[in-house]
Amino acid sequence: NKDFPKIVEYAKGLGLVQNIITNGMIPGVRLDKFADTLRAFATIQISANAVGDDFDTLVGRSVYDRFVAATQAINDLCGTVWLSCVVTPTNVTNLGDIISLAERTGVRGITFGILAKQGRANADDSASYFSCLAEAQVALRRVYEKSVPRVEIDCHFSPDLSIPLRNVGESPRHGANE
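Residues numbered from 1 in each chain as written. Predicted model: local features only at pLDDT ≥ 70, side-chain atom pairs only at ≥ 80, totals over all residues. Heavy atoms only, no water.

J.: What's the story with the side chain of Asn-91 in this structure? I'm lost.
T.: Assignment of secondary structure puts Asn-91 in the loop between strand S3 (81–86) and helix H6 (95–105). With a relative accessible area of 3%, Asn-91 lands in the buried category. Reaching out from Asn-91, the side chain makes a polar contact with the backbone oxygen of Val-86 at a distance of 3.0 Å. In contact with Asn-91, not counting residues within four places along its chain, are Asn-49, Cys-85, Val-86 and Ile-98. (Helix = DSSP H or I, 4+ residues; strand = E, 2+ residues; numbered from the N terminus. Buried < 20%, exposed > 50% of the residue type's maximum accessible area, 1.4 Å probe, protein only. Polar contact = N/O pair within 3.5 Å; in protein donor to acceptor, adjacent residues only side chain to side chain. Contact = heavy atoms within 4.5 Å.)

Right under this line is the structure:
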């Protein structure tokens, strides 16, 4: 929407706290046009559900390097960036790579979320999606065993795997289910 910057400025003028989820490409490549708008957001979440060739396959074109540069540029400008990753059967084995991307780009943290059971996620085949969450827990624990992430982790499907900012660099304390 061409009026998006005006809408954001209007909401800011009303004192509203604003957050946004974006793929990062347009604002990150066009910082000259979107810098003031981006600075108005308390948090900017950039969707990162894959890395490298898997990212390119997921989005249907070869733009991963531009995506990384755009993410870095937005983070350098604002410092309020989080990556947002929806865990799926396709990316469950690559969660460590997504954490590495967060660390390389210097973002504040990464949110590992789950698919909401609405819209297309309400389809009968969504059971296979939810079955990957146990594998995701194992995958994250393996990542943590090798090297504790240097970014904050907000794990929606397994809160005991979250690493709050005050504990970045420390291994998460797991519950009795270990």
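Once the structure has been displayed, the description carries forward.
J.: Honestly, the environment of Ile-20 in this entry has me stumped. Any pointers?
T.: Relative to the helices and strands, Ile-20 resides in strand S1 (residues 19–22). Under the relative-accessibility criterion, Ile-20 is labelled buried at 19%. C-alpha separation for the pair Ile-20 and Ile-46, spaced 26 residues apart in sequence, amounts to 8.3 Å. With residues up to four places along the chain from it excluded, the contact list for Ile-20 reads Phe-4, Phe-41, Thr-43, Ile-44 and Gln-45.

J.: Help me understand helix H3 (residues 31–39) in this model?
T.: In an α-helix there are 3.6 residues to a turn, and that puts residues three or four apart on one side. Along H3, the residues classified as buried are Phe-34, Ala-35, Thr-37 and Leu-38. Of the surrounding elements, those touching the buried residues of H3 are helix H1 (4–13), helix H2 (25–29), strand S2 (43–47) and helix H5 (64–78).

J.: Explain the sheet that holds strand S4 (residues 109–113) here, please?
T.: Hydrogen bonds between backbone groups are what pair the strands of a sheet, and the pairing can be parallel or antiparallel. Strand order in this open sheet of five strands is S1-S2-S3-S4-S5, and the pairing throughout is parallel. Of all the strands in the sheet, just S1 and strand S5 (152–155) have a single pairing partner and so form its edges. Each strand of the sheet is rotated relative to its neighbour by a mean of 20°, with strand direction disregarded. Sheet analysis places S4 next to S5, joined by four bridges and oriented parallel. Each bridged residue has a counterpart across the sheet, and for Thr-111 the counterpart in S5 is Asp-154. Strands S2 and S3 of the sheet are contacted by H5, whose axis makes an angle of about 170° with S2. (Pairing = 2+ DSSP bridges. Axes fitted to C-alpha atoms, helices over the stretch in contact; angles between N-to-C directions.)

J.: Would you mind showing me how to read the layout of surface pockets here?
T.: Where empty space is left becomes clear once a probe the size of a water molecule has been rolled over the atoms. When its volume is computed, the second largest pocket comes out at roughly 280 Å³. What lines the second largest pocket is a set of 17 residues, among which Gly-96, Ala-139, Arg-142, Val-143 and Lys-146 lie closest to the centre. At the level of secondary structure, the elements contributing two or more residues to the lining of the second largest pocket comprise H6 and helix H7 (126–146). In terms of residue class, the lining of the second largest pocket is built from seven nonpolar, four polar and six charged. (1 Å grid on protein atoms, 1.4 Å probe; cavity = no way out; pocket = protein on both sides within 12 Å on 5 of 7 lines; lining within 4 Å. Points joined across faces, edges and corners; volume = space filled by probe spheres on them. Nonpolar A, V, L, I, M, F, W, Y, C, P; charged D, E, K, R; others polar.)

J.: Would you take a moment to explain the packing of H3 against H5 for this structure?
T.: Pairs of packed helices are described in terms of their axes, by the angle between the two and the distance that separates them. Close contact between H3 and H5 brings their axes to 10 Å; oriented N to C, the two are set at 50°. Judged by the angle between their axes, H3 and H5 are oblique. Like other packed secondary-structure pairs, H3 and H5 cross with a definite hand, here right-handed. Note on element contacts: H5 touches H3 through Ala-73, Ile-74, Leu-77 and Cys-78, opposite Leu-31, Ala-35, Leu-38 and Arg-39. In terms of residue class, the contact of H3 with H5 is made up of seven nonpolar, no polar and one charged. (Parallel < 35°, antiparallel > 145°, perpendicular 65-115°, else oblique. Left-handed = near helix turned anticlockwise from the far one by under 90°.)

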